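Listed below, chain by chain, are the residues.
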Amino acid sequence: MENLLNHAPCGFLTLSEDGTILAINQTLLTVLEYDTDVLIGKNINHILTVPARIFYQLYFIPLIKADKPVEEMYISLQTANGEDIPVLINAIQRKNSLVIDCVLVQMHKRNEYENELLIAKKKAETALSEKRQANKELEVALHKLEMKQKELIELNKENQKFKLETQMELHLAKNIQETSLTKPIFTEGLQIEAFYQASSELSGDMYGFYHINPNQYGIIILDVMGHGISSALITMSLQSLFQRLILNGFRADIIFKELDNHLYRLFQENDETWHYCTAIYLFIDTDQRTIEYINAGHPPGLWQNSTGEQLELTSTSPPIGSFPGLTFKRRSLTYNKGGRILLYTDGVVDPYDSHLLTSLLENNQGITLTELKQKLVQLMKDEENGYHNNDDQCFILIDLKGVEEQNFCVK
Amino acid sequence: MDKSILLRNNVNVKGKGTTSLIFAPGLGCDQNVWNAVAKTFEEDFKVVLFDYVGSGNSNISAYDEERYSSLKGYSQDVLDICASLNIRDAIFVGHSVGSTIGMLASMEHPEYFSNLIMVGPSPCYMNVPPNYFGGFEREEILGLIDLMEKNYIGWANVFASTAMGNEERPELSKELEDRFCSTDPIIALQFAKATFFADTRGDLHKVTVPSLILQCAEDIIAPSAVGEYLHQHLPSSTYKQMKATGHCPHMSYPNETAQLIREYLNESIEDTVQIGDLR
């Protein structure tokens, strides 16, 4: 029997109560590559790896001391040559003598299998924790998104409120701007009608016509570059200036020089806000039957006499505020019989379609000024379908009444 | 008395005395490791035994991975128990890392403790070259963790079912009794990591409660050099070399362990009397 145990297909070990090796079988010695007499009397630590020594203290001893069997405990042995041998150990303390009997089975193959299992388990755990982490992050992201959405909704509300307020302000400003427009004139000497429409709430266009003396009229139309609020502000500052100058009866060239100086003063400190302005001014004397005019870079005004002959009041100088040191020259023409004048800004028709205006005037000589205005408005509406008009629109129509003979010429 | 804490930590109070004697287990097994020693004190002391959350018969569902990832979480268990039992000036007896846990608790609430008795303590199990030799290299600790992982294979199922709230099922009661040295795989590994990677050397000078270091012979987990280091750096510490060998004198040599604890307590009581006489 003793011999059977010595060569049994498992390791056998007897330990004293404090872990001293009392007996060891040949099978285990062979595995550990030791001779019997070397190990007898040594502590079991001698054949354990360092981790196994700790594990032995933490689990093996308490179990034995609590009189419980050690079952299938996995530990690693260390051979004489420092090689690790994974084993399963079963142990029990004998009731009478307190020595501990241990059976050890090598588990190389099972160990590898368990290693694989552990690797797979760790992978699964990592995947699970990654998934949890990803879920957490998603939740955080979702929460953030919801907060952002709330913020956006709040902002949107504020925006909406701001937009409403701005619209009201703009509407008020539009009213103010339109209030500053002069009313139609209908006298013995002439009749004036006008049309005014901003592309947005506020316009960069402006006109004015003034009865200076019983027989003298000043008529101006201007277009500040661009449109919207900035252009409208400049327009309004020019309007207050030209109204004063015209009503005081200043000569056309002086009026233009003053407007030019005004723009120059406005923007001399700040190039970024620089704006220029095109304008036509007519000074009409219905007694003398003279028209004096200056066109500063503006689309030509149209004169049509009573027989339908037309003349363009073309540009006489660059736009106001465009170059330093501009001079403005007047031109004048006389008329005996009556005629019609059309002044307009470039938003009225596509610049390439100006022939539409000449033919409109030509084909409608017999109708009243009010009817002509309606036809022109209709033309603009028709044109808008093809020509995407995003500009301010403004025009003035003037009917001049004359004596029998029609006669006009440019001096 | 907060009953929920007492249930959570499976707190058992026995004995006829008034002074509390708290026994804290180390890593691995539950409060039963103290049975032999604790019994001898029941005549004169109020003996308090408990399990950390996650081990023994504690309430595993109270386990919090973050809290118990460092020794602070375990020391908070001790503080919670002291608060629930309204304990003042208790004698705290801790085995191995249990003594470090008690030391950390005493730094938070010194008024809870009159003495710390540290059985096989170590402030740091790892070697920190060039001046400190705790006994182990990092790879050796990782090897231990590997061993622990493989020894859980047979146990995992038991704890999976208890953790799922089947505690009231009678057929599981036997397994509950068998929890002595086994814990949920994740929990035990975390405790092992918190234990073996801890370094409390920097805290030692802050400890105010007087202590006894019981140093075993041939202890591979807490060698004599480590016990001596602790004694040098721990204020008001007493160092006692035991005849007991190994790391578990409270189980292997309960008589000597109990005897030395009793001697130290008698001496420290005499000390107190002497100081009282001087006034």
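Quantities reported herein were computed from a predicted structural model and do not represent experimental measurements.

About the criteria used
- In every chain, residue numbers begin from 1 and rise along the written sequence.
- For this description, chains carry letters from A and ligands carry numbers from 1, given in the order in which they are written.
- Thresholds applied to this predicted model are a pLDDT of at least 70 for local features of residues and 80 or more for the giving and counting of side-chain atom pairs; totals over whole chains, interfaces and linings are not thresholded and use all residues.
- Excluded from the side-chain calculations are hydrogens and water; all other atoms, namely the structure's heavy atoms, are used.
- Going along the chain from the N terminus, every DSSP run of H or I of four or more residues is numbered as a helix, and every run of E of two or more is numbered as a strand.
- Here the radius of gyration uses the C-alpha set of atoms, whereas the globule reference equals 2.2 Å times the residue count to the power 0.38.
- The classification of residues rests on relative accessible area computed with a 1.4 Å probe and restricted to protein chains. Under 20% of the type maximum is buried, over 50% is exposed, and intermediate values are partly exposed.
- Residue contacts follow a heavy-atom distance rule, with two residues in contact if any of their heavy atoms lie within 4.5 Å.
- Accessibility throughout is a Shrake-Rupley quantity obtained with a 1.4 Å probe, and a residue counts as covered only by protein chains that appear here.
- What counts as buried area is the accessible surface, traced by a 1.4 Å probe, that two parts surrender upon association, with contributions from both included.
- The term salt bridge refers to a side-chain nitrogen of Lys or Arg lying within 4 Å of a carboxyl oxygen of Asp or Glu.
- In the analysis that follows, any N or O atom pair within 3.5 Å is treated as a polar contact, provided that within protein one partner can donate a hydrogen and the other can accept it, and provided that, for residues neighboring in sequence, both atoms belong to side chains.
- As a working rule, the residues Ala, Val, Leu, Ile, Met, Phe, Trp, Tyr, Cys and Pro are called nonpolar, Asp, Glu, Lys and Arg charged, and the rest polar, with Gly in that last group.
- We treat two strands as partners when DSSP finds at least two bridges between them.
- Lines fitted to C-alpha atoms define the axes here, with helix axes fitted over just the stretch in contact, and angles between the N-to-C directions of these axes take values from 0 to 180 degrees.
- Each cavity reported here is a set of points on a 1 Å grid over the protein atoms alone in which a 1.4 Å probe fits but cannot get out, each pocket an open set with protein on both sides within 12 Å along at least five of seven lines, and each lining residue one with an atom within 4 Å of a point.
- Grid points are joined across faces, edges and corners, and a volume is the space filled by probe spheres set on the points.
- Centres within 6.5 Å are what make two rings of Phe, Tyr or Trp a pair, Trp counting through its six-membered ring; a difference in plane orientation under 30 degrees is then read as stacked, over 60 as edge-to-face, and the rest as tilted.
- Whether a charge sits over a ring depends on NZ of Lys or CZ of Arg being within 6 Å of the ring centre and within 35 degrees of the ring normal.
- We define the nonpolar core as a collection of buried residues of types Ala, Val, Leu, Ile, Met, Phe, Trp, Tyr and Cys that are connected through side-chain atoms lying within 4.5 Å of one another.
- UniProt positions are given in the numbering used here, feature names are shortened, and annotations may be inferred rather than shown by experiment.
- When the strands point away from the viewer and the connection leading from the first strand across the helix to the second strand turns clockwise, the crossover is called right-handed.

S.K.: I'm lost on the overall build of chain A in this one. Help?
M.R.: The secondary structure content of chain A amounts to nine helices and 17 strands. Taken over the C-alpha trace, chain A has a radius of gyration of 53 Å; the compact-globule value for 411 residues is 22 Å, which it surpasses by more than 25%. Dimensions of chain A, computed from the C-alpha atoms along their principal axes, are close to 155 × 45 × 35 Å. Here chain A holds 411 residues, and the buried ones make up 44% of them. Intrachain contacts of chain A at a sequence separation of at least 6 include 62% that bridge at least 24 residues. Taken as a whole, chain A presents about 22,200 Å² of accessible surface, with 53% of it coming from carbon and sulfur.

S.K.: Can you walk me through the interface of chain B and chain A in this structure?
M.R.: Size of an interface, as often reported, equals the accessible area lost when the parts are brought together. With 28 residues of chain B at the interface, the matching set in chain A holds 27 residues. Between chain B and chain A the total buried area reaches about 2,500 Å² when both faces are included, carbon and sulfur atoms providing 71% of it. Considering only the surface of chain B that becomes buried against chain A, Leu147(B), Lys150(B) and Ile220(B) emerge as the three largest contributors, covering 24% of it. Scanning the region where chain B abuts chain A turns up one salt bridge. For the interface between chain B and chain A, the tally reads five residue pairs in polar contact (both at pLDDT 80 or more). Secondary-structure elements contributing two or more residues to the side of chain B that touches chain A are helix H5 (138–151) and helix H10 (249–252) of chain B. By residue number, the principal contributor to the side of chain B that touches chain A is H5(B), which donates nine residues. For the side of chain B that touches chain A, a count of residues per class yields 17 nonpolar, seven polar and four charged.

S.K.: Looking at this model, I keep getting lost on the sheet that holds strand E2 (residues 21–24) of chain A. Mind explaining?
M.R.: To summarise the sheet geometry, strands pair through backbone hydrogen bonds and adopt either a parallel or an antiparallel arrangement. Residue and element names in this part refer to chain A. Here we have five strands laid out as an open sheet, ordered E2-E1-E5-E4-E3, and antiparallel in their pairing. The strands lining the two open edges of the sheet, one partner per strand, are E2 and strand E3 (70–78). With strand direction ignored, the average angle separating the axes of adjacent strands in the sheet is 30°. Note that E3 and strand E4 (residues 84–93) share seven bridges and pair antiparallel. For Val 70, the partnering residue across the bridge sits in E4 and is Ala 91. Seen against the sheet, helix H5 (residues 108–179) touches E3, E4 and strand E5 (100–106) and runs at an angle of roughly 105° to E4.

S.K.: Explain empty space enclosed by the protein here, please?
M.R.: In this approach a probe as big as a water molecule rolls over the atoms, and the regions it shows empty are the leftover space. In this structure the tally under the stated criterion is three cavities of 30 Å³ or more. As a volume, the largest cavity reaches approximately 100 Å³. Taken together, 14 residues form the lining of the largest cavity, with Pro62(A), Leu27(B), Cys29(B), Val33(B) and His95(B) sitting closest to its centre. Going through the elements one at a time, helix H4 (50–65) of chain A together with H10 of chain B are the ones with two or more residues in the lining of the largest cavity. Looking at the lining of the largest cavity, the element that brings in the most residues is H4(A), giving three residues.

S.K.: Explain the packing of aromatic side chains here, please?
M.R.: Centre-to-centre distance and the angle between the planes together describe a pair of aromatic rings. All names here are of chain B. Applying the stated rule across the entire model yields 23 aromatic pairs over all chains. Measuring from ring centre to ring centre gives 5.2 Å for Tyr 63 and Tyr 68, while their planes differ by 15°; the resulting arrangement is stacked. We classify Tyr 68 as buried; its relative accessible area is 1%. Measuring from ring centre to ring centre gives 4.9 Å for Tyr 125 and Phe 196, while their planes differ by 55°; the resulting arrangement is tilted. Of this pair, Tyr 125 sits in the loop between strand E5 (113–119) and strand E6 (127–128) while Phe 196 is found in helix H8 (residues 185–196), placing the two residues 71 residues apart along the sequence. Taking the ring centre of Phe 197 as reference, the NZ or CZ of Arg 138 above it sits at 4.8 Å.

S.K.: Is there a simple way to think about the nonpolar core in this case?
M.R.: Across soluble globular proteins, you tend to see nonpolar side chains buried next to one another. Membership of the largest hydrophobic core comes to 123 residues, with the highest contact counts inside it found for Leu13(A), Phe60(A), Phe23(B) and Ile117(B). The dominant element in this core, judged by the number of residues it contributes, is H4(A), at 11 residues. Those residues in contact with Phe60(A) that lie beyond four places of it in its chain are Phe55(A), Val70(A), Met73(A), Ile89(A), Ala91(A), Ile100(A) and Cys102(A).

S.K.: What exactly am I supposed to notice about the UniProt feature "coiled-coil region" (unreviewed entry) in chain A here?
M.R.: Residues given the UniProt feature "coiled-coil region" (unreviewed entry) here are residues 110–165 of chain A. For the annotated span residues 110–165 of chain A, helix accounts for 100% and strand for 0% of the residues, and the straight-line distance between the end C-alpha atoms is 80 Å.

S.K.: Just to check I follow, could you spell out the pairing of strand E4 (residues 90–95) of chain B for this structure?
M.R.: All names here are of chain B. Counting buried residues along E4, six of its six residues qualify, which places the element largely inside the surrounding structure. Burial of the side chains of E4 extends over both faces: Ala 90, Phe 92 and Gly 94 are buried on one face and Ile 91, Val 93 and His 95 on the other. The sheet contact formed by strand E2 (residues 20–24) and E4 spans four bridges and is parallel. When the sheet's bridge partners are listed, Phe 23 is paired in E4 with Val 93. Examined bridge by bridge, E4 and E5 share six bridges and lie parallel to one another. Following the sheet pairing, Phe 92 is matched in E5 by Leu 116. Once you follow E4 into helix H4 (residues 97–108) and on to E5, the crossover reads as right-handed.

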